[in-house]
Amino acid sequence: RMKNEPRIDADKVLGGIVEWVSIESPSHDAKSVNKVVDHVEGQFKDLGLKLERIPGRDGFGDILEAKTPWGEGKGILVLAHLDTVHPLGMIEKELKVRREGDSIFGPGIYDMKAGGYIAYYALRHLIRQGKRTKLPVTFLFIPEEEVGSPTSRSRIEEAARGHKYALV
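Reading the values: the criteria
Residues numbered from 1 in each chain as written. Predicted model: local features only at pLDDT ≥ 70, side-chain atom pairs only at ≥ 80, totals over all residues. Heavy atoms only, no water. Pairing = 2+ DSSP bridges. Helix = DSSP H or I, 4+ residues; strand = E, 2+ residues; numbered from the N terminus. Axes fitted to C-alpha atoms, helices over the stretch in contact; angles between N-to-C directions. Contact = heavy atoms within 4.5 Å. Phe/Tyr/Trp six-rings, centres within 6.5 Å; stacked < 30°, edge-to-face > 60°. Lys NZ or Arg CZ within 6 Å of the ring centre and 35° of its normal. Parallel < 35°, antiparallel > 145°, perpendicular 65-115°, else oblique. Left-handed = near helix turned anticlockwise from the far one by under 90°. Nonpolar A, V, L, I, M, F, W, Y, C, P; charged D, E, K, R; others polar. Core = buried A, V, L, I, M, F, W, Y, C linked by side-chain atoms within 4.5 Å. Buried < 20%, exposed > 50% of the residue type's maximum accessible area, 1.4 Å probe, protein only. Lys, Arg positive; Asp, Glu negative; His and termini not counted. Salt bridge = Lys/Arg side-chain N within 4 Å of Asp/Glu carboxyl O. Polar contact = N/O pair within 3.5 Å; in protein donor to acceptor, adjacent residues only side chain to side chain.

A. A look at the sheet that holds strand S3 (residues 75-81). The strand order S1-S2-S6-S3-S7 describes an open sheet built from five strands, whose pairing is mixed. Each edge of the open sheet carries a strand with a single partner, namely strand S1 (50-54) and strand S7 (163-167). The mean angle between the axes of side-by-side strands here comes to 20 degrees, regardless of whether they run parallel or antiparallel. Pairing of S3 with S7, which is carried by four bridges, proceeds in the parallel orientation. The residue bridging valine 78 from the neighbouring strand is leucine 167, located in S7. The sheet strands contacting helix H5 (residues 153-161) are S1, strand S2 (63-67), S3, strand S6 (137-142) and S7, and the helix crosses S6 at an angle near 165 degrees.

B. A look at the packing of aromatic side chains. Overall, the coordinates contain nine aromatic pairs when judged by the stated rule. One aromatic cluster is present, built from ring pairs that chain together Trp20, Phe44, Tyr117, Tyr120, Tyr121, Phe139 and Phe141. Here arginine 98 stacks its cationic end above the ring of phenylalanine 105, 4.4 Å away from the centre of that ring.

C. Representation of the packing of helix H1 (residues 10-21) against helix H4 (residues 112-128) in the model. It is the contact of H1 with H4, at a shortest axis distance of 9 Å, that shows an interaxial angle of 130 degrees. With respect to H4, the element H1 is oriented oblique. Crossing hand, H1 versus H4: right-handed. Residues Lys12, Val13, Gly16, Ile17, Trp20 and Val21 of H1 lie in contact with H4, whose contacting residues are Lys113, Ala114, Gly116, Tyr117, Ile118, Tyr120 and Tyr121. Class assignment of the residues belonging to the contact of H1 with H4 gives a composition of nine nonpolar, two polar and two charged.

D. View of the nonpolar core. Val40, Phe44, Leu49, Phe139 and Phe141 are the most contacted members of the largest nonpolar core, which has 29 residues in total. Mapped by element, the contributors of at least two residues to this core are H1, helix H2 (30-46), S2, S3, H4 and S6. A per-element tally of this core places H4 first, with seven residues. Valine 40 has contacts with Trp20, Leu64, Leu82 and Phe141, leaving out every residue within four places of it along the chain. One finds Ile63, Leu140, Ile156 and Ala159 within the second-largest nonpolar core, a separate group that totals seven residues.

E. Representation of the side chain of aspartate 83 within the structure. Relative to the assigned elements, aspartate 83 resides in the loop between S3 and helix H3 (90-93). For the buried aspartate 83, which has no salt bridge, the nearest side chain bearing the opposite charge is lysine 113, at an N-O separation of 8.5 Å. A polar side-chain atom of aspartate 83 sits 2.9 Å from a polar atom in the side chain of histidine 81. Among the polar contacts made by the side chain of aspartate 83, one reaches the main-chain amide nitrogen of glutamate 146 at a distance of 3.0 Å. In this structure aspartate 83 touches Ser25, Ser27, Val33, Ile142, Pro143, Glu144, Glu145, Glu146 and Val147, once residues within four positions along its chain are discounted.

F. Structural view of the side chain of glutamate 65. Note on placement: glutamate 65 falls in strand S2. Here the side chain of glutamate 65 touches arginine 155 through a polar contact of 3.2 Å, side chain to side chain. What glutamate 65 contacts, discounting residues up to four positions off in sequence, is Lys50, Leu51, Glu52, Thr138, Phe139, Leu140 and Arg155.

G. Broad picture of unusual backbone geometry. Non-glycine residue aspartate 58 carries a positive phi angle of around 55 degrees. Residue placement: aspartate 58 occurs in the loop between S1 and S2. The phi angle at serine 149 is positive, at roughly 55 degrees, despite the residue not being glycine. You can see serine 149 is positioned in the loop between S6 and H5. The buried category is assigned to serine 149, whose relative accessible area is 9%.

This is a description of form; function is not addressed.
Structural data, given as structure tokens:
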């Protein structure tokens, strides 16, 4: 059982976001995108969610779905992507993950990686307090949104139809 953490710790949230952002994941580099998918999959596995990983195709990374093992009826879909537009090496060159006062910079830091991590952290926070959502929650992480979701669109549409709410 995970240690109870009743408070949300902003520095821990930022640290988790920086972990995700620091794994470069250009859309057309399946191997790099899958490094983020591996990381995210491990974190959701630790929460006890039901995982399904759909192998990537056409040179894109894998699709990851994580579902709470509780909740009744049509639930909440949390949709996020793990790819970024920047080519490998940009973090070392010009897009270093850095903090300047109250601002933080890095590829994906203000976009989906941060949003996806915050949603994960929120669910983890509930679980650590021994709480559950009334509705089931499904996280769907896609590998190629930045190029129009060519391999994940049908999965996204299917997931959206099966849920009451979709948070993107």
